[in-house]
Amino acid sequence: MIFKQRFVKSVSLALCLGAAMASPHVLAKTFRIAVGDAAGSAQHQLGLKFSEAFAEKTGGKHDTQMFLNGQLGDEQATVNDAAMGLLDFSILAINNVTPFSPSVGVLTLPYMMQSLDDAVALTQGEVGQKLVENTIRDAGVRIVGWTYTGFRVLTNSKKPVHSLDDLQGLKIRVPNNEIMIDTYRAWGINPTPMAWSETFTGLQMGVVDGQDNPYITVSSMKFDEVQKYITNIRYLFSIEPLVMSEAVFQEQPEDVQQAILEAGKVATEHSAQWLVAQEDKIKAELVEKGMEITEPADGEKAWIEKAVSQVWPKYYDQLGGKEELNKILKSLGRDTI
Ligand code: MLT
């Protein structure tokens, strides 16, 4: 009798352990979030708000742990890890998602977004919903939140850059993103693709002279220590999604899935407000630390003209065709192409 009870207990225990091992995420209470940027970044803010809202919406049953500064790998590598279910979440720049899901490139098309309002309209409207679906299909990750980080400005260690002539001869780091590489080519230089995790060292060692990223990112990554000059260009409004492994998402019960989606919305709204409250302050701090800000000559006319005429046509097909882009432009109240 005692033997029978022990046997039943052991079998039950084995079954429980077996079930836990077969679907490890069902029991997990702490979801891991990879964050490409450092503390104080817009990515970090989004992660904090998401974590708070998620814990609250699950009544404290689940929580998250953030790993800042690329501790869990370079941003592009985290997309692969999440796709394979090895990582739960990642917060990363949209330009580092595009190589895995080309249609997302619409958010890195130069001068497509001209304001925070454009960025919000695109990500939270029909276009954003389509990109969420495409990213699940192409990359195995689900976008559950959006960070708004502001326009990417050009920084360098050599000289003030007003015009495209000034840009010539500078070695500029870009992410491994075809549209951004082509944009710099349209501006007359051959940029250097480099992983985000190697960028600070690349700038410090003089492998490259400059890069572009928003003011908030320049500050949180301490680029002011290795860069002197900023050119206030507005070719890309930086969007940095919170992506979740679709495999891990599908393993969650419905109430947890719901909590994730709702927490993502809360964090997204917070991100837009945080940007508005922080950007000017951070820009002023960079100047106090010794950075010099230059406005592009002639209202950036030559930069815009070259990027739009040379880069856009090359990507019409990849981005769903000219008609699709015209629909987006119309929805933003802009002239069609
Ligand atoms: C990049 O330049 O690769 C990204 O914008 C980096 C980031 O996540 O801030």
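Here, the structure is the one placed above.
Remember, it's a predicted structure, so these values are computed and weren't measured experimentally. (Residues numbered from 1 in each chain as written. Predicted model: local features only at pLDDT ≥ 70, side-chain atom pairs only at ≥ 80, totals over all residues. Heavy atoms only, no water.)

Draft legend 1. Structural detail: the side chain of Asn-134. In this structure, Asn-134 sits in helix H6 (residues 126-139). With sequence-adjacent residues up to four places away left out, Asn-134 is seen in contact with Ser-101, Ser-103 and Ala-139. (Helix = DSSP H or I, 4+ residues; strand = E, 2+ residues; numbered from the N terminus. Contact = heavy atoms within 4.5 Å.)

Draft legend 2. Main features of the packing of aromatic side chains. Counted by the stated rule, this structure contains 11 aromatic pairs. Ring geometry for Phe-31 and Phe-89: centres 6.1 Å apart, planes at 70°, overall edge-to-face. Placement of the pair is Phe-31 in strand S1 (residues 30-35) and Phe-89 in strand S3 (residues 89-91), with a sequence separation of 58 residues. For Phe-31, a relative accessible area of 0% puts it in the buried group. Judged by relative accessible area, which is 0%, Phe-89 ranks as buried. (Phe/Tyr/Trp six-rings, centres within 6.5 Å; stacked < 30°, edge-to-face > 60°. Buried < 20%, exposed > 50% of the residue type's maximum accessible area, 1.4 Å probe, protein only.)

Draft legend 3. Quick look at unusual backbone geometry. Here Tyr-111, not a glycine, exhibits a phi torsion of approximately 65°, which is positive. Along the chain, the position of Tyr-111 falls in the loop between S3 and helix H5 (116-124). A relative accessible area of 6% means that Tyr-111 is categorised as buried.

Draft legend 4. Structural view of the side chain of Thr-123. For Thr-123, the location among the structural elements is in helix H5. You can call Thr-123 buried: its relative accessible area is 4%. A distance of 2.7 Å separates a polar side-chain atom of Thr-123 from the backbone oxygen of Ala-119. Only 2.7 Å separates the side chain of Thr-123 from the side chain of Tyr-148, close enough to count as a polar contact. Dropping the residues within four chain positions of it, Thr-123 is found in contact with Leu-107, Gly-128, Gln-129, Trp-146, Tyr-148 and Ile-239. (Polar contact = N/O pair within 3.5 Å; in protein donor to acceptor, adjacent residues only side chain to side chain.)

Draft legend 5. Structural detail: the pattern of salt bridges. This structure, assessed with the given rule, holds 11 salt bridges. Arg-152 is paired through a salt bridge with Asp-212; the nearest N and O atoms lie 2.4 Å apart. One end of the pair, Arg-152, is in strand S4 (residues 141-156); the other, Asp-212, is in strand S7 (residues 210-214), and 60 residues separate them in sequence. What makes Arg-152 buried here is its relative accessible area of 2%. When salt bridges that share partners are traced, they join Asp-182, Arg-185 and Lys-314 into one network. (Salt bridge = Lys/Arg side-chain N within 4 Å of Asp/Glu carboxyl O.)

Draft legend 6. Spatial organisation of the environment of Phe-223. In this structure, Phe-223 sits in the loop between helix H10 (215-220) and strand S8 (229-231). Classification of Phe-223 as buried rests on a relative accessible area of 1%. In this structure the C-alpha to C-alpha distance between Phe-223 and Leu-203, which are 20 residues apart in sequence, comes to 8.3 Å. When neighbours within four sequence positions are excluded, Phe-223 is seen to be in contact with Trp-196, Thr-199, Phe-200, Leu-203, Gln-211 and Val-218.

Draft legend 7. Main features of the site of the ligand. Surrounding the ligand, one finds 13 residues, the nearest of these being Gln-43, Glu-75, Arg-152, Arg-173 and Asn-213. For the ligand, an oxygen atom lies 2.4 Å from a polar atom in the side chain of Glu-75. Note that an oxygen atom of the ligand is positioned 3.3 Å from one of the side-chain N or O atoms of Glu-240. Alone, the ligand offers 270 Å² of accessible surface; in the complex the protein occludes 100% of this. Counted by class, the shell around the ligand contains three nonpolar, five polar and five charged residues. (Near = heavy atom within 4 Å. Areas by Shrake-Rupley, 256 points an atom, 1.4 Å probe, with all protein chains shown as cover. Nonpolar A, V, L, I, M, F, W, Y, C, P; charged D, E, K, R; others polar.)

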